[in-house]
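# Structural overview for review
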Amino acid sequence: MDYKKELCQLLSEKTSLSADEIEHLLETPPALEMGDFALPCFKLARILRKAPARIAENIHASLNDLPHWLDKVQIAGGYLNFYLDRPHYAKDMLSSVAAAGERYGASQEGAGRNIVIDYSSINIAKPFHIGHLSTTVIGNSLYKIFNFLGYHSVGINHLGDWGTQFGKLIVAYKHWGKHDTVEKGSIHAMLDLYVKFHHAAKEDVSLDEEARAWFKKIEDGDPEALSLFAWFKELTLKKVSRIYDLLDVKFDSYAGESFYNDKMQPVIEELEAKHLLEESNGAKVVRLDEYDLPPCLILKSDGATLYATRDLAAAFYRKKTYDFYKCLYVVAYQQNLHFRQLFKVIERMGYPWAKDMEHVAFGMVSMADGTISTREGRVIFLEDVIQAAIEKTHRLIEEKNPDLANKEETARDIGVGALVYKTLSANRIKDIVFDLDRILNFDGETGPYMQYTHARALSLLRRGGEEALKEEPDYTALSSPQAFSVVRLIAGFPEAIQKAAEKYEPYLITRHITELAQAFNKFYYDIRIIDENASATAARLSLAKATATVIKIGLALLGIRAPERM
RNA sequence: GCGUCUGUAGCUCAGUUGGAUAGAGCAACGGCCUUCUAAGCCGUGUGUCCGGGGUUCGAAUCCCUGCAGGCGCGCCA
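Summary of the structure given here. If you're wondering where the values come from, they're calculated on a predicted model, not measured in any experiment.

Let us look at the packing of aromatic side chains. All chains considered together, the criterion is met by 32 aromatic pairs. Plain terms: the ring middles of Trp162 and Phe229 are 6.0 Å apart, the flat faces sit at 80° to each other, and that makes the pair edge-to-face. You can see Trp162 sitting in the loop between β5 (152-156) and α7 (165-176) and its partner Phe229 sitting in helix α10 (residues 223-247), a full 67 residues away along the chain. What makes Phe229 buried here is its relative accessible area of 9%. Taken together, the aromatic side chains of Tyr119, Phe128, Tyr143, Tyr244, Phe251 and Tyr254 make up a single cluster linked through ring pairs. Directly above the ring of Trp214 sits Lys217, whose terminal nitrogen or CZ lies 4.1 Å from the centroid.

Okay, structure coming up:
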């Protein structure tokens with residue numbers, strides 16, 4: 001049952017306010033000792049023309065017989081504080097977790113709705129570096145969150161597989177590359193060639209001309225150019241699939257820029273037909289003056305298409321193919337203006353679904369000594385970071401738990417978990433300065449801490465045994481502040497998922513399970529969980545079980561695995 | 001210059017959409033393993049919540065203004 005709603009109903013009967021108005025006013029007190037719900041009476045003072053404390057007193061007096069689930073009501077200044085009956089509430093919450101299992105917090109609110117999520121979207125022939133981590137991990141988490149809420153997520157890796165850089169790469173390969181070196185070195189070798197090209201092109205401008213010519217050959221379907229292009233693409237995808245496997249990230253589609261090559265002409269024609277396309281300095285643009293936005297460039301003066309042209313084609317294709325409820329672009333905030341323009345153009349074309357498109361922006365990643373630059377070869381490979389985290393975990397396992405059964409898998413889960421947790425620990429919009437030492441510190445609010453707490457709770461259950469849980473639990477054993485804090489956080493978990501989905505902010509889940517883990521660890525130390533009292537032990541173990549379940553679900557929604565032992 | 005985002009403890013960040021004494025983690029120092037996993041727990045200290053006005057019973061939160069920084073502003077993506 002929904003205690004908040006029940007309380008609002010009760011209060012609306014005692015006041016002149018509706019249940020909705022009460023719900024809007026009701027809040028959670030800052031400390032556990034102040035109760036579970038609070039009604040600040042200050043706003044009512046004006047309406048009722050009485051002092052807040054007086055209003056609180058009046059309401060308090062009218063509540064003569066409390067419902068069984070309410071323990072007490074107290075007046076504190078202008079506040080009216082409500083205390084739930086702890087054993088009753090604990091029993092109710094733990095029963096619902098036990099009943100729902102790993103579906104606790106799930107819903108069917110999104111049934112029949114598709115959510116298209118554009119994330120990761122890597123560039124072919126370029127390294128998968130730390131700058132790609134946010135989009136990959138945020139997108140993956142949203143994918144899982146929406147599926148959990150009953151939506152059907154469609155994950156799209158919008159590959160950057162078009163553009164003059166492929167001409168450059170071919171030129172570099174023809175001048176300095178060897179087949180075996182590239183085949184073996186894959187992205188590293190291609191990056192070397194790319195960097196070499198940029199250095200050489202500074203001296204010799206004819207190289208740029210050559211690169212443009214080779215790209216033209218790709219466009220024209222020249223067999224040699226096409227086969228090289230296909231080869232670069234194949235090598236890249238093979239290489240990155242290993243990283244995606246490590247991160248446990250999957251996509252439903254890899255339709256990228258080249259895929260939309262033959263789908264732009266109809267869009268251009270439609271823009272023409274709707275008289276939205278204007279000539280400006282030889283180029284074709286859609287004016288957005290009335291929205292205080294600069295014009296959106298659709299065609300270059302040489303008639304070539306642009307980023308926006310391709311994104312328009314992609315948007316129409318996605319609407320037609322998936323009939324999306326929302327289409328999310330998990331892309332860094334640099335492209336803020338681009339997406340505002342893109343959505344406006346679609347709106348001006350007369351499509352109301354333009355409002356269903358959202359730019360889920362996130363902050364930039366930089367290195368301690370400056371920005372990432374692929375051209376300069378200033379990059380940190382994601383694979384190296386993941387390896388470092390896994391190795392660190394191996395060392396810790398040897399030190400702390402050398403007899404662990406599946407060390408490889410566990411080290412992977414924890415190392416990757418540390419990295420993913422860090423990426424999803426703060427508001428998306430925050431910039432991140434990449435700090436390997438910080439990622440490799442597994443103390444405090446970290447992925448390993450979550451996993452450790454989960455494993456610790458499971459360890460208790462193994463020790464207590466299944467029969468311990470069969471005992472009739474005595475929920476009064478969960479009335480202590482330590483235990484009840486855990487109960488409340490478990491109860492608040494479904495709402496955290498809702499908020500995370502609503503705001504496209506996975507960190508709300510990260511924060512919630514972090515608080516849960518902290519509360520559980522305090523409970524664990526202050527209170528003996530398994531003791532001679534079988535019914536109290538049963539209650540405490542069911543709390544441990546629910547904690548493990550919620551942490552596991554939360555981590556799964558972030559894209560982190562929860563090992564059973566560590 | 002214009003637009004946009006950010007500014008909270010030494011560092012990284014929360015802050016229930018305007019509420020009760022502004023909270024966590026890291027880093028530092030001290031304590032706790034013959035008892036349920038010490039990747040843990042407890043304790044110690046620090047704040048002009050960027051500055052200045054305003055609205056309000058009440059402001060880190062809302063409005064105005066200034067400052068600092070990031071990002072963006074036509075033929076790259």
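Moving on to the pattern of salt bridges. Inspection of every chain in the model, using the stated rule, returns 29 salt bridges. In this structure, the salt-bridge partner of Glu398 is Lys407, at a minimum N-O distance of 3.0 Å. The partly exposed category is assigned to Glu398, whose relative accessible area is 43%. One salt-bridge network, held together by shared partners, links Asp248, Lys250, Arg412, Asp413 and Arg561.

Attention shifts here to the nonpolar core. Counting 156 residues, the largest nonpolar core has Phe82, Leu142 and Ile490 as the members making the most contacts within it. Ranked by the residues each element gives to this core, the list is headed by helix α21 (residues 534-558), at 13 residues. Among residues more than four places away in sequence, those in contact with Phe82 are Leu7, Leu11, Gly35, Asp36, Phe37, Leu39, Leu63, Leu70, Lys72 and Val73.

This part takes up the sheet that holds strand β7 (residues 283-286). One open sheet accounts for three strands, arranged β6-β7-β8; its pairing is antiparallel. On the outer flanks of this sheet lie β6 (277-280) and β8 (296-299), each paired with one strand and no other. Averaged over neighbouring strand pairs, the angle between their axes works out to 45° when direction is ignored. Of the pairings in the sheet, the one linking β6 to β7 comprises four bridges and is antiparallel in character. Bridge pairing links Glu279 to Lys284 in β7.

What follows covers the sheet that holds strand β4 (residues 114-118). Through backbone hydrogen bonds, the strands of a sheet pair up, either in parallel or in antiparallel fashion. With parallel pairing, four strands are arranged side by side in an open sheet as β5-β4-β9-β10. With one partner strand each, in any of the chains shown, β5 and β10 (357-362) form the two edges of the open sheet. Recorded for the sheet is a direction-independent mean angle of 20° between the axes of neighbouring strands. Where β4 and β5 come together, five bridges link them in parallel fashion. Within β5, the residue paired with Asp118 across the bridge is Ile156. Across the sheet, helix α12 (residues 307-322) touches β4, β5, β9 (326-332) and β10, and the angle it forms with β4 is around 150°. Helix-sheet contacts for helix α13 (residues 336-348) involve β9 and β10, and the interaxial angle to β10 is about 180°.

Rules behind the numbers
Residues numbered from 1 in each chain as written. Chains lettered and ligands numbered in written order. Predicted model: local features only at pLDDT ≥ 70, side-chain atom pairs only at ≥ 80, totals over all residues. Heavy atoms only, no water. Phe/Tyr/Trp six-rings, centres within 6.5 Å; stacked < 30°, edge-to-face > 60°. Helix = DSSP H or I, 4+ residues; strand = E, 2+ residues; numbered from the N terminus. Buried < 20%, exposed > 50% of the residue type's maximum accessible area, 1.4 Å probe, protein only. Lys NZ or Arg CZ within 6 Å of the ring centre and 35° of its normal. Salt bridge = Lys/Arg side-chain N within 4 Å of Asp/Glu carboxyl O. Core = buried A, V, L, I, M, F, W, Y, C linked by side-chain atoms within 4.5 Å. Contact = heavy atoms within 4.5 Å. Pairing = 2+ DSSP bridges. Axes fitted to C-alpha atoms, helices over the stretch in contact; angles between N-to-C directions.

Any link to function would need more than the numbers given here.
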